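This is what each chain is made of:
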Amino acid sequence: MSVTAEVLAKFWLAQQRETRCGAPLSNSPLFVRLMFANTTKTARMMVVCRCSVGDQIFSVTPSTNYEFDYLGQSTKGDLNLNFDHLDAFGMDGPATLQGPIEEVAMKEAEEAEDLLNDLGISSPSSARNSSRGIFCSRTLNLRSISAIGYDMDYTLIHYNVKAWEGRAYDYCLGNLRSMGFPVDGLAFDPDLVIRGLVIDKEKGNLVKADRFGYVKRAMHGTRMLSTQDVSEMYGRELVDLRKENRWVFLNTLFSVSEAVAYMQMVVRYDEGAISAEICPPDYRGLYKAVGKALFRAHVEGQLKSEIMSKPELFVEPDPELPLALLDQKEAGKKLLLITNSDYHYTDKMMKHSFNRFLPNDMGWRDLFDIVIISARKPEFFQMSHPLYEVVTGEGLMRPCFKACKGGLYSGGSAQMVENSLDIHGDEILYVGDHIYTDVSQSKVHQLWRTALICQELEEEHSALIHSRGHRATLIELINQKEVVGDLFNQLRLALQRRNTGRPAQTLSATNMDDQELTESMKKLLIVMQRLDEKIAPMLEADGELFNKRWGFLSRAGLWDKSHLMRQIEKYADIYTARVSNFLHYTPFMYFRSQEQTLAHDSHSYYQTQINGSAGDNQC
């Protein structure tokens with residue numbers, strides 16, 4: 001009897017569904033018959049893949065007896081092959097994998113990829129090189145993670161930014177109007193700001209800084225400032241986020257409505273339309289008033305009540321997201337939900353976003369070992385607060401001291417979570433959208449591993465791809481100017497030395513005719529000026545496919561990273577556009593950070609190329 005890979009794949013998928021209903025795969029009579037009815041390598045690989053630990057084919061490295069691999073990552077959770085038991089299942093041992101390991105690895109990888117294709121499973125590399133990729137700043141072995149915690153808003157719930165922030169803006173302006181502010185004629189403009197910008201409360205500006213804190217672009221009110229204005233205004237100072245009395249970092253999409261309203265109010269303030277009786281006569285007082293108006297919109301509950309009544313208008317459904325969490329749970333991860341939202345809002349939004357996409361009548365609560373609402377992040381990671389158990393559907397609570405599996409709680413602390421699960425530090429991965437509240441604080445105070453959800457990455461990835469031609473042309477022009485500029489500078493130095501009565505760099509340069517020297521310099525100078533005329537507008541347009549005012553989210557200028565990107569690399573071990581991207585990587589993924597290029601790396605490569613060419617010529 002011969003069973004094709006297609007039949008095995010269909011059976012395997014069916015068994016996956018049965019397993020989620022509670023039927024163990026190894027109990028199936030059909031599975032047992034298929035195990036011994038086929039001797040092809042594809043079939044044997046299928047058998048190996050589907051055997052459980054209980055069958056003694058595989059063993060998992062326990063949390064109490066693990067080692068570290070060559071990259072210093074824990075091997076806890078790794079799957080090991082028990083060679084002593086292979087013969088009992090008619091399987092070959094390592095003797096079939098003899099030969100140079102590089103060749104063996106390549107051959108086995110090709111066969112495994114063919115098997116995945118037969119099963120209809122996408123290659124891992126296809127996700128890695130797409131807008132659905134998960135990008136790694138610090139090496140992370142997902143197999144060694146015992147628990148994964150999630151924020152909710154803009155993390156597990158994928159909001160429509162224009163709809164959500166647009167309504168927040170409307171409520172904010174309504175509150176400003178009631179306070180006496182002139183808001184007539186204003187409208188929400190989501191393209192006015194992007195995440196990662198910084199509000200300068202002292203000058204009423206919105207700025208984009210590079211990784212070092214130097215301001216690269218700035219906007220006063222709704223008017224972009226020229227490069228010269230930016231240089232004159234910020235040439236002698238850096239953005240320092242520790243000075244919270246001046247700088248406000250827009251590190252989450254919830255900041256969009258606030259920033260749009262503030263910059264529009266700056267325009268009205270400059271026009272003299274806002275009197276001193278309404279707010280203090282400076283940009284700081286104006287920011288405080290806008291912040292107060294938006295805070296009222298959240299606290300009074302009108303905004304969230306509207307969203308709860310019509311969640312389909314504000315939430316973008318993601319059917320893959322609950323399935324990604326289900327894979328993680330079935331892989332043995334303890335899942336946590338830790339959100340600042342209240343019980344009623346959390347329950348309503350999670351039901352809407354999760355329940356219809358879960359199998360077997362599961363509800364969203366079935367996914368999580370512990371749910372914590374009203375967590376009061378970032379204090380949740382910094383200090384201890386009382387823990388309350390939510391005991392009724394109306395949200396009534398009672399004090400408790402320890403979280404139990406399946407429980408719903410309010411308050412508490414990260415330390416309580418660790419104690420309740422008996423899991424600590426780098427065994428926990430926390431996933432959130434807020435670089436400060438979620439990512440940096442869980443990293444700094446608890447040493448948890450971290451993942452940042454940055455919804456805009458999908459759009460930025462597309463913009464970067466479509467900008468490749470533009471950027472390649474721009475870089476080529478800049479390289480041409482660098483070559484011409486180096487030649488011009490050498491001639492300029494020769495002229496300088498001649499004018500001071502000193503010999504130039506060489507005897508030929510010293511004896512060069514003055515007219516020939518100045519003529520050559522004049523031509524090169526004209527060339528550089530013409531190159532500048534072409535480079536300048538192209539630099540200004542770089543990144544406009546993402547945002548016409550601010551350019552790319554991750555870049556500040558052509559070469560450098562933005563301040564936001566520096567924060568992401570510093571605090572987020574991995575980052576991606578949405579949680580459902582985990583579905584394309586499996587819960588056993590080993591994320592390896594890329595090589596970090598240094599300034600002298602390119603010089604070393606250039607020298608290698610030169611030396612190699614010289615060696616070839618000598619031969």
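It should be noted that the structure appears before, not after, this text.
Bear in mind that the values here come from a model prediction, so they are computed numbers and not experimental data.

Asks: How should I be thinking about the overall build of the protein in this particular structure?
Replies: Counting secondary structure elements, the protein contains 21 helices and 21 strands. A buried classification covers 46% of the 619 residues belonging to the protein. Sequence separation of at least 24 residues holds for 73% of the intrachain contacts in the protein that already meet a minimum separation of 6. Entry remark: accessible area of the protein is about 32100 Å², with carbon and sulfur atoms responsible for 52%.

Asks: For this particular structure, what's the right way to read helix α6 (residues 161-178)?
Replies: For an α-helix the count is 3.6 residues per turn, leaving residues at separations of three or four pointing the same way. Helix length check: α6 (18 residues) gives 25 Å between terminal C-alpha atoms against 26 Å at 1.5 Å per residue, within 8%. Taken together, the buried positions of α6 are V161, W164, E165, G166, A168, Y169, Y171, C172, L173, N175 and L176. In this structure, the buried residues of α6 make contact with α8 (255-270), α9 (283-299), α10 (302-309) and α12 (343-354). At the N-terminal end of α6, a side-chain oxygen is found 3.1 Å from the backbone nitrogen of K162, two or three residues along, and the residue is N160. Of the residues trailing α6, G180 is marked for its positive phi of about 100°.

Asks: Is there a simple way to explain a negative patch on the surface in this structure?
Replies: On the surface, a cluster of negative charge is contributed by E110, E113, D114 and D118. Take E110: it is sitting in helix α4 (residues 101-119). A relative accessible area of 47% means that E110 is categorised as partly exposed.

Asks: I tried to follow α4 on my own but got confused; where do I start?
Replies: For α4, built from 19 residues, the straight-helix expectation of 27 Å at 1.5 Å per residue is met to within 8% by its first-to-last C-alpha distance of 26 Å. Restricting attention to buried positions, one finds in α4 the residues V104, L115 and L119. One side of α4 holds all its buried residues, which, seen down the axis, span an arc of 45°. Among the exposed residues of α4, those pointing more than 90 degrees away from its buried face are E102, E103 and M106. G120 sits one or two positions beyond α4 and adopts a positive phi of about 75°.

Asks: Any chance you could explain the nonpolar core here in plain terms?
Replies: Among soluble globular proteins, nonpolar side chains are generally buried collectively. Counting residues in each nonpolar core, the largest one holds 115 residues, and the members touching the most others are Y150, L156, L325 and F368. Broken down by element, the residue count for this core peaks at nine residues, all from α8. When residues no more than four places from it in sequence are discounted, the contact partners of L325 are Y150, L156, L335, F354, L367, F368 and V579. Grouped together as the second largest cluster of nonpolar side chains are 19 residues, L336, L387, V417 and L421 included.

Asks: Sorry if this is basic, but what is going on with the pairing of strand β13 (residues 387-390) here?
Replies: Walk down a regular strand and you will see the side chains alternate between the two sheet faces. In terms of strand pairing, β13 meets strand β14 (residues 397-400) through four bridges, oriented antiparallel. When the sheet's bridge partners are listed, L387 is paired in β14 with C400. Between β13 and β14, which pair antiparallel in sequence order, lie six residues; one of them, G395, sits at a positive phi of approximately 95°. When β13 meets strand β15 (residues 407-411), the two strands line up antiparallel, connected through three bridges. Pairing of Y388 across the sheet is with S410, part of β15.

Asks: I keep staring at the sheet that holds β15 and nothing clicks. Help me out?
Replies: Ordered by their spatial adjacency, 10 strands build an open sheet running β3-β20-β17-β16-β5-β11-β12-β15-β13-β14, and the pairing between neighbours is mixed. Only two strands of the sheet have a single partner each, and these edge strands are β3 (134-136) and β14. Averaged over all adjacent pairs, the angle separating strand axes in this sheet is 25°, with direction ignored. As paired elements, strand β17 (residues 449-453) and strand β20 (residues 574-576) share three bridges and run parallel to each other. Among the inter-strand pairings, L452 is bridged to a residue of β20, identified as Y575. Sheet contacts for helix α15 (residues 435-446): β16 (428-432) and β17; angle to β17, the most-contacted strand, approximately 165°.

Asks: Just checking my understanding: could you explain the packing of aromatic side chains for this structure?
Replies: By convention here, two paired aromatic rings are described through the distance between centres and the angle between planes. One pass over the structure, following the stated rule, counts 16 aromatic pairs. Ring geometry for W364 and F368: centres 6.2 Å apart, planes at 65°, overall edge-to-face. We note that W364, like F368, is buried. The ring of Y66 carries K76 above its face, with NZ or CZ at 5.5 Å from the centroid. Cation over ring: R592 sits above Y590, and NZ or CZ is 4.0 Å from the ring centre.

Parameters and conventions
- Residues numbered from 1 in each chain as written.
- Predicted model: local features only at pLDDT ≥ 70, side-chain atom pairs only at ≥ 80, totals over all residues.
- Heavy atoms only, no water.
- Helix = DSSP H or I, 4+ residues; strand = E, 2+ residues; numbered from the N terminus.
- Buried < 20%, exposed > 50% of the residue type's maximum accessible area, 1.4 Å probe, protein only.
- Contact = heavy atoms within 4.5 Å.
- Areas by Shrake-Rupley, 256 points an atom, 1.4 Å probe, with all protein chains shown as cover.
- Expected span 1.5 Å × (residues − 1).
- Polar contact = N/O pair within 3.5 Å; in protein donor to acceptor, adjacent residues only side chain to side chain.
- Patch = residues over 30% accessible without salt bridge, like charges linked within 9 Å, V, L, I, M, F, W, Y side chains within 5 Å.
- Salt bridge = Lys/Arg side-chain N within 4 Å of Asp/Glu carboxyl O.
- Lys, Arg positive; Asp, Glu negative; His and termini not counted.
- Charge placed at Lys NZ, Arg CZ, Asp CG, Glu CD.
- Arc of directions from axis to C-beta.
- Core = buried A, V, L, I, M, F, W, Y, C linked by side-chain atoms within 4.5 Å.
- Pairing = 2+ DSSP bridges.
- Axes fitted to C-alpha atoms, helices over the stretch in contact; angles between N-to-C directions.
- Phe/Tyr/Trp six-rings, centres within 6.5 Å; stacked < 30°, edge-to-face > 60°.
- Lys NZ or Arg CZ within 6 Å of the ring centre and 35° of its normal.

In short, the description is geometric, and any link to function would need to be established separately.
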